[in-house]
Every structure is written in C-alpha cells, then in structure tokens.
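Results of the structural survey
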Amino acid sequence: MNSNKHPERTTHRSTQSRNMITAVIGTGDIGSQLARALARGGEDLILANSRGPETITDLASELGARAMSTADAIAAADVVVLSIPFVAIPSLAETLRQAPASTVIVDMSNYYPEAGVIEGIEGTASDSSWLSEQIGRPIVKAWNTIFSRSLALKGTAAGAPDRIALPVAGDDPAAKKIVMQLVEATGFEPVDAGDLAESWRMEPGSPAYCTDLDADTLRAALARADRSRHAHDRIAGSMAIYDPETGTMDMVRGVQIYRDITS
C-alpha cells in the first residue's frame, strides 16, 4: 500500500464566491438520482459515465446539465462525485490526480466483498481510507447510506419534521463543509460523521446504512456501530432485500428490514 502522505490541505473557495460546478461520474440508478436531486437543488452539473457523453445527452438535457467525458468532467468540476463501483475507482487514479488540488473528491460507493474480495483492504481503518490511498487523493464519504428510491422521493426542506439525515466523513474540514452543503441541497440533513477513518461506521452492515434516520437517531446509530457485526448484518440485509431471479432490490421494505437487522 502506498504510505505516502497526501498533499497539504488546499484552501477550498467558499461556495458563496461563485456557483460550484459538481460532476457526477456514473449515471446508473443511484448516480442519476443523485444528479436529479442536485439539479432540483439548483446545482451547476456535469455528467459523465464510462460509455461516453453521447450516451447521456437525454439525461443531461433533462437536468440542464452538461455531458462530458470522464477526464474532461474531472478537470472542469469543483466537486467530483464518484458513483461507480467501488472496485473500479482506483482505475481513475491517474485522472483524479491530475485534477486541481482544490477539487473535492466524493465517494458514494460501497465495498461488498461478496461481489469480489479486494486484496489488502482488510484491516485498514475503513474502506474509504484504503480507497483514498489507492487514488492518492483525499476524499469525502457521502450519499453512500441511502437507497436510490429514498434519494429520489424523500428529500425535504430544512426544518421539516423527521427529515432524513445523511452522514458525511472526511479529513479536510473545508472539503467536508462543501459536501455537507451539497447534501443539504439534495434535501437531506447533513451529519458530520468524523474523519475518514471513522467512515466504517457508515459502511454496509452498520446501523446508519440505508435506514433513513433523522439527525439525532443517526448520530446515535453512528455511535453504536459495532464493526464485529458488519459482515453478518451486511450479508443478512442483502439476502433479505435482493431477489436473484429478477436482479432487483426491495427498496420499499428494505429500510425497515435494515433497521430490524442492525438494531
């Protein structure tokens, strides 16, 4: 594993100085729903995927976004949100390293060993800490704890009763603040989940994962996370909501199922 330290923290410009440009890399179910939520929040958007900009022109037009290649999107954006399979993110390492030092990199993916074990990740502080080392850039973890259905349908205005909260973890306070503002823009209450090493508390199998909790309940869930239970609860949750015949997840019942399993 690369033991080199990350570059010195860079001062991120204020979100008030000009409009932020946010690139969503990956336009599958969860990525496209995040893009829609950001567009509803008035964010300036770029979309990219592995198949090329010509495959997402309709979605970009719908959202008032720009479709670009992945490399161009990363170069142009102030915030890059990675909505691609966890195992695929290190393949973008060189491209991500070429982004300006001020660019905020956000990971909203999750590592599922059942889909393929990654050598060297076991025993690290968190899956995202390992990932940050692989790509050679600091990252912020966010939007990984919500079903696409909830992301599409359950966002509300600030101050709404029982508003769903989402945890945000990262080592750079300025970068984390920017991402928390974007979480707010998507209709959810941002909760500071600590540094990146603590992001294991929001990984699959944790009480914070896909349980649609309000802010106070989410903070309690993060605090009571038990890493020794993660593998069991992750597998139990996946088996309970996933239909292998259709390849679909029951996201309607899934929230309560995950709450019951991780309680």
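What comes next concerns the included structure. (Residues numbered from 1 in each chain as written. Predicted model: local features only at pLDDT ≥ 70, side-chain atom pairs only at ≥ 80, totals over all residues. Heavy atoms only, no water.)

Points about the pattern of salt bridges
Summed over all chains, the structure comprises 13 salt bridges. Between Glu62 and Arg36 there is a salt bridge, with the nearest N and O atoms lying 3.1 Å from each other. Taken together, the positions of Glu62 in helix 2 (residues 57-63) and Arg36 in helix 1 (residues 29-40) put the pair 26 residues apart, joining distant regions of the chain. Taking relative accessible area as the criterion, Arg36 reaches 24% and is therefore assigned partly exposed. Between Asp44 and Arg66 there is a salt bridge, and its shortest N-O distance comes to 3.3 Å. Here Asp44, found in strand 2 (residues 44-48), pairs with Arg66, found in strand 3 (residues 66-67); they are 22 residues apart in sequence, far enough to count as distant. Residue classification places Asp44 among the partly exposed residues on the basis of a relative accessible area of 28%. In the salt-bridge network here, residues are joined through shared partners; they are Arg163, Glu184 and Glu189. (Salt bridge = Lys/Arg side-chain N within 4 Å of Asp/Glu carboxyl O. Helix = DSSP H or I, 4+ residues; strand = E, 2+ residues; numbered from the N terminus. Buried < 20%, exposed > 50% of the residue type's maximum accessible area, 1.4 Å probe, protein only.)

Some words on the nonpolar core
Grouped together as the largest cluster of nonpolar side chains are 33 residues, with contacts concentrated most on Leu47, Trp143 and Val179. Where this core is concerned, the elements lending two or more residues are helix 1, strand 2, helix 2, strand 4 (79-82), strand 5 (104-107), strand 7 (165-170) and helix 7 (173-185). No other element matches the 6 residues that helix 7 contributes to this core. Residue contacts for Val179: discarding those within four places in its chain leaves Val104, Val106, Val140, Ala142, Trp143 and Val168. By size, the runner-up hydrophobic cluster in this structure holds 27 residues, among which are Leu82, Ile121, Leu131 and Ile139. (Core = buried A, V, L, I, M, F, W, Y, C linked by side-chain atoms within 4.5 Å. Contact = heavy atoms within 4.5 Å.)

Concerning unusual backbone geometry
Not every positive phi belongs to a glycine, and Trp143 is a case in point at roughly 60°. With a phi close to 55°, Cys210 is a non-glycine residue in the positive phi region. Mapped onto the secondary structure, Cys210 falls in the loop between strand 8 (189-192) and helix 8 (215-223). By relative accessible area, Cys210 is classed as buried at 2%.

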